[in-house]
Amino acid sequence: MMRPFMRCIDVNSEQCPCLLSDTNHCFMCSQLKGEAVCNCDWTGQCILHEKRWKAPRKPSDAPCRREVESTLVIKRQVNEHTYIVETEVGLELAEQLNKIGSFIFMRRVDDPEMCNFPVGIMNVKRGTLTMAIETIGPKSSRLFMPLEARVLLRGPYLNGVFGQPWIDSTKYGTILAAVGGLGQSNALMLAKAILANGNKATFVIAPGQAGSIFVADELQAMGVEVISVSSMRREGFAKLQELFSDKVDLLLSAGPDDLHNGLIATMHESGYNFPMAVTNNATMCCGEGICGSCAKKTKDGVWIRTCKVQLDFNQLENSH
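Per an unreviewed UniProt entry, the recorded name for the protein is FAD-binding FR-type domain-containing protein, and the organism is Anaerosporomusa subterranea.

Printed below as a string of structure tokens:
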């Protein structure tokens, strides 16, 4: 198994160095955390060099995600509170979002900034994004008043899946996935990435609180073996235990943290310890590591901003 890791999702991107480097809160650069000497895990870019010497800037000139205005079109209603929607954002932003773990912040065009909330990208085709949105609070509910609203979308953000290095490095292997409820909205992007690396993929999917399995046909058309179950706890985990005896190179979990922890417990009970990648379910308000709403503690006692920090789910304090 690869060793545990922690890395900023934005390092080596046009978003780096970000505002966190102005206040000694950069996660990657020891000197931009206020330490006297360099103690970084070299990633191919010296953030300190970029910050102080290559292109010094004022905090007000910090890199910003682009914001685009578009129309939200409902393509399908999954249940009373969940919609599959599409929106055009242009080829450039769509291409930046065509990655595992990608998401945007969205609000109605006439709503204040405080109404922004994160929405994961379900699929990307040319300049069009497909997303699944559950109207569970006032921010998301306002999007559908009226049903086809003008919206502002800000992105790209890319830390919607923990364990991305496992996915990137697994090639020509066998990958098992447990997918539950609205976690299905991550399934297509995950399948794209793992199939592109020549892997064989089997997805065990339960309807969960979404009440239906809405990605099975598209996954099967891509070449994924889909096993539908009525309940992950009553039926799915037992099915996955049977599949563990095959050679498994990577385990995926797309759904709530309870699904991640249930899958880890099932794996350990069966005597296995596969590398895992899981969806990031943290509450996020800014996506930039500023507000702290997504902060979680690791088993080593380190508080991290999970909108920015890429790690293995097992490194978090409340994981099994």
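S.K.: So what exactly am I meant to see when it comes to the layout of surface pockets here?
M.R.: If you add up the space inside the largest pocket, you get close to 1,400 Å³. Among the elements of the structure, strand S6 (117–120), strand S8 (128–134), helix H3 (138–142), helix H5 (187–196), helix H7 (232–244) and helix H8 (257–269) are those that each provide at least two residues to the lining of the largest pocket. In terms of residue count, the dominant contributor to the lining of the largest pocket is S6 (4 residues). For the lining of the largest pocket, the residue count by class is 23 nonpolar, 21 polar and 4 charged. The calculated volume of the second largest pocket comes to roughly 940 Å³. Surrounding the second largest pocket, 37 residues form its lining, Arg7, Cys8, Ile9, Val11 and Gln310 being those nearest its centre. Those elements that place two or more of their residues in the lining of the second largest pocket are strand S1 (6–8) and helix H4 (164–169).

S.K.: Which parts of the structure should I look at to understand the domain arrangement of the protein?
M.R.: A common way to state how big an interface is: give the accessible area lost once the parts meet. Taken domain by domain, the protein comprises domain 1 (17–61), domain 2 (66–157) and domain 3 (161–279). Computed over C-alpha atoms only, the centres of domain 1 and domain 3 are separated by 37 Å.

S.K.: Can you help me understand the nonpolar core in this one?
M.R.: In a soluble, globular protein the nonpolar side chains are often hidden away together inside. Counting residues in hydrophobic clusters, the biggest one holds 31 residues, and the most contacted among them are Ile167, Phe203, Val215, Leu219 and Leu252. Secondary structure elements with two or more residues in this core: H4, strand S11 (174–180), H5, strand S12 (200–206), helix H6 (216–222) and strand S14 (250–254). Considering each element in turn, this core owes the most residues, 5 residues, to H5. Taken domain by domain, the makeup of this core includes at least three residues from each of domain 2 (66–157) and domain 3 (161–279). Those residues in contact with leucine 219, other than ones at most four positions away along the chain, are Ala187, Leu188, Ala191, Phe203, Ile205, Val224 and Val226. The next biggest cluster of nonpolar side chains, apart from the first, holds 26 residues, and it includes Ala178, Val248, Leu311 and Phe313.

S.K.: In this structure, what is going on with the packing of H7 against H8? I would like to understand it.
M.R.: Each packed pair of helices is defined by two parameters, the angle between the axes and the distance between the axes. The contact between H7 and H8 brings their axes to 10 Å, and the two run at 45 degrees. As summarised for this structure, H7 and H8 are arranged oblique, according to the angle between their axes. As H7 runs across H8, the sense of the crossing is right-handed. Every residue of H8 that contacts H7 at Met232, Arg233, Phe237, Leu240, Gln241 and Phe244 is listed here: Asp258, Leu259, Gly262, Leu263, Thr266, Met267 and Glu269. Broken down by class, the residue content of the contact of H7 with H8 amounts to 7 nonpolar, 3 polar and 3 charged.

S.K.: Got a minute to help me understand the sheet that holds strand S9 (residues 150–157) in this structure?
M.R.: What holds strands together in a sheet is hydrogen bonding between their backbones, with the strands either parallel or antiparallel. The 4 strands lie next to each other as S2-S9-S5-S6, forming an open sheet whose pairing is antiparallel. Looking at strand neighbours, the two that pair on one side only are strand S2 (66–71) and S6, the edges of this open sheet. Taking each pair of neighbouring strands and ignoring which way they run, the sheet shows an average axis angle of 35 degrees. In terms of strand pairing, strand S5 (residues 103–108) meets S6 through 4 bridges, oriented antiparallel. The residue of S6 that forms the bridge with phenylalanine 105 is proline 118.

S.K.: What am I meant to see in the pairing of strand S13 (residues 225–228) here?
M.R.: One face of the sheet, then the other: side chains in a regular strand alternate in exactly this way. Sheet analysis places S12 next to S13, joined by 4 bridges and oriented parallel. Bridging from a neighbouring strand, isoleucine 205 pairs with serine 228 of S13.

S.K.: Would you explain H7 in this entry?
M.R.: Its 13 residues place the ends of H7 only 15 Å apart at the C-alpha level, less than the 18 Å of an ideal helix rising 1.5 Å per residue. In this structure, the buried side of H7 is in contact with S11, S12, S13, S14 and H8. Taking the backbone nitrogen of arginine 233 as reference, a side-chain oxygen 3.4 Å away marks serine 231 as the first, capping residue of H7.

S.K.: Please explain the sheet that holds S8 as it appears in this structure.
M.R.: On the basis of which strands lie adjacent, the open sheet formed by 4 strands has the order S3-S4-S8-S7 and antiparallel pairing. Unpaired on one side and paired on the other, strand S3 (73–79) and strand S7 (123–125) mark the two borders of the sheet. On average, adjacent strands in this sheet sit at an angle of 20 degrees to one another, irrespective of strand direction. In this structure, strand S4 (residues 82–88) lies alongside S8, joined through 7 bridges in antiparallel fashion. In the strand pairing of S8, tyrosine 83 is matched with isoleucine 133.

Reading the values: rules and limits
- Residues numbered from 1 in each chain as written.
- Predicted model: local features only at pLDDT ≥ 70, side-chain atom pairs only at ≥ 80, totals over all residues.
- Heavy atoms only, no water.
- 1 Å grid on protein atoms, 1.4 Å probe; cavity = no way out; pocket = protein on both sides within 12 Å on 5 of 7 lines; lining within 4 Å.
- Points joined across faces, edges and corners; volume = space filled by probe spheres on them.
- Helix = DSSP H or I, 4+ residues; strand = E, 2+ residues; numbered from the N terminus.
- Nonpolar A, V, L, I, M, F, W, Y, C, P; charged D, E, K, R; others polar.
- Domains from an automatic or database assignment.
- Core = buried A, V, L, I, M, F, W, Y, C linked by side-chain atoms within 4.5 Å.
- Buried < 20%, exposed > 50% of the residue type's maximum accessible area, 1.4 Å probe, protein only.
- Contact = heavy atoms within 4.5 Å.
- Axes fitted to C-alpha atoms, helices over the stretch in contact; angles between N-to-C directions.
- Parallel < 35°, antiparallel > 145°, perpendicular 65-115°, else oblique.
- Left-handed = near helix turned anticlockwise from the far one by under 90°.
- Pairing = 2+ DSSP bridges.
- Expected span 1.5 Å × (residues − 1).
- Polar contact = N/O pair within 3.5 Å; in protein donor to acceptor, adjacent residues only side chain to side chain.

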